[in-house]
Amino acid sequence: MEYRTLGRTGLEVSKLGYGGSPLGDEFGAADPAEGERAVHCAIDLGINYFDVAPYYGRTLAETRLGAALQGRRDNVILATKCGRYDVNGFDFSAARIRRSIDESLARLRTDYLDVFLAHDIEFVSEKQIVEEAIPTMRAIQREGKARFIGITGLQLNLLRRVAEAVPVDVVLSYCRYNLLIADLDDLLTPFVKEHGIGLINASPLHMGILSASGPPPWHPASSGVKKAGRAVVELCERRGVRASDVALQFAFAHPYVSTTLAGMPAVEQVRQNAAAASIVADETLLAEVLALIAPFKNRSWPTGLPENQDA
Ligand code: NAD
């Protein structure tokens, strides 16, 4: 496994990171015992960055990850989030964030986080994130419960504006840098790179579209994008290659992203994805894939408040 430095945090993170949302059954019911084995397999294969949130499975993912990490906490860089608690349940108030981290620490069976992130900030006012949430998280950091803090979301301009307004250590972007959509570098990467902010890229399989298992029923992408993803999976199958491997290799090749987070509730997925990390994508197949999806490239979807949308 290759390790990269997460901006100025200095954390050395594995280029493939473990995404914890499927542990909360977000992609369908996951077998908890298999999930635990997947976490252990990830650690054994050198994956050291683990991402979760109270929102995933409405605390279930944190509880399961905490159990799986018992006795291995010190082998990993552990990140969780605050502010999002349900599909439409957001609370970035200082009091809730303070309660949130204590609840997360208890579920994760630890007394500190490595990274503490404000989750999906586009759903509330920019002012509250800048003036209340981040200052509270900085205070929590000073108190020793979190080593570094940051923000996550889909809307890249908002992530940049907030990071411009108030220093953050880490930004997590999802579904903005993979085979189907790659506008991360137009809107966010130059700023975070210039300021040494750690950049995490989540959902390299576009939340399942670029895998043989396909997207979950709630996936917000258009039917055209889903069809394009399916066509990529079929093309790769015809070439005897897994689409997930090609998608991961595309993401790993990003020059500034430190870790790419993939949701991996099964041991076999961890093994496949970790193996993909040591192989470079076939250039000819990659060109074919990119040509196939070109008519559907760079199509995102609205999330959050109207004033926080990218376009
Ligand atoms: P993803 O693109 O990683 O896709 C996950 C899906 O792909 C799951 O259904 C998984 O079972 C499947 N999969 C993974 N490897 C596979 C393989 N080798 N073969 C077949 N199927 C495979 O999407 P994701 O899980 O949403 O993103 C990764 C992680 O990033 C999340 O788990 C979460 O931790 C984080 N994330 C954070 C935010 C945020 O903070 N706002 C948003 C999205 C994701």
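Note: the structure precedes this text.
Residues numbered from 1 in each chain as written. Predicted model: local features only at pLDDT ≥ 70, side-chain atom pairs only at ≥ 80, totals over all residues. Heavy atoms only, no water.

J.: Would you mind showing me how to read the site of the ligand here?
T.: As a structural note, the neighbourhood of the ligand is formed by 30 residues, with Asp 51, Asp 120, Leu 205, Gly 263 and Asn 273 the closest of them. Separating an oxygen atom of the ligand from a side-chain N or O atom of Ser 21 is a distance of 2.9 Å. The contact in question runs from an oxygen atom of the ligand to an N or O atom on the backbone of Gly 263, over 2.8 Å. Sorting the residues of the shell around the ligand by element identifies strand E10 (170-174), strand E12 (259-263) and helix H10 (267-276) as the ones contributing at least two each. (Near = heavy atom within 4 Å. Polar contact = N/O pair within 3.5 Å; in protein donor to acceptor, adjacent residues only side chain to side chain. Helix = DSSP H or I, 4+ residues; strand = E, 2+ residues; numbered from the N terminus.)

J.: I'm lost on the packing of helix H2 (residues 60-68) against helix H3 (residues 94-108) in this one. Help?
T.: Think of two packed helices as two axes; the pair is described by the angle between the axes and how far apart they sit. Contact pair H2 / H3: the axes reach a minimum separation of 7 Å and the direction vectors enclose 45°. Overall, the two elements H2 and H3 adopt an arrangement that is oblique. On H3, the residues touching Glu 62, Thr 63, Leu 65 and Gly 66 of H2 are Ser 104, Arg 107 and Leu 108. Residue composition of the contact of H2 with H3, grouped by class: two nonpolar, three polar and two charged. (Axes fitted to C-alpha atoms, helices over the stretch in contact; angles between N-to-C directions. Parallel < 35°, antiparallel > 145°, perpendicular 65-115°, else oblique. Contact = heavy atoms within 4.5 Å. Nonpolar A, V, L, I, M, F, W, Y, C, P; charged D, E, K, R; others polar.)

J.: Just checking my understanding: could you explain helix H4 (residues 126-142) for this structure?
T.: When the terminal C-alpha atoms of H4 are compared, their 23 Å separation across 17 residues agrees well with the 24 Å that a helix rising 1.5 Å per residue should span. The largest bend in H4 comes to about 30°, at Ala 133, with the proline Pro 135 one to four residues further on. The complete set of buried residues in H4 reads Ile 129, Val 130, Ala 133, Ile 134, Thr 136, Met 137, Arg 138, Ala 139 and Ile 140. Looking at the buried positions of H4, the neighbouring elements they touch are strand E5 (77-82), H3, strand E8 (113-118), strand E9 (146-153) and helix H5 (156-165). Phi turns positive, to about 95°, at Gly 144, one or two residues after H4. (Expected span 1.5 Å × (residues − 1). Bend = angle between axes of the 7 residues up to and from the residue. Buried < 20%, exposed > 50% of the residue type's maximum accessible area, 1.4 Å probe, protein only.)

J.: In this structure, what is going on with the packing of helix H1 (residues 32-44) against H10? I would like to understand it.
T.: The geometry of H1 relative to H10 is characterised by a closest axis approach of 8 Å and an angle of 25° between their N-to-C directions. Comparing their axes, H10 and H1 come out roughly parallel. Like other packed secondary-structure pairs, H1 and H10 cross with a definite hand, here right-handed. Along the contact surface, H1 presents Glu 34, Arg 37, Ala 38, Cys 41 and Ala 42, while H10 presents Val 267, Glu 268, Val 270 and Arg 271. (Left-handed = near helix turned anticlockwise from the far one by under 90°.)

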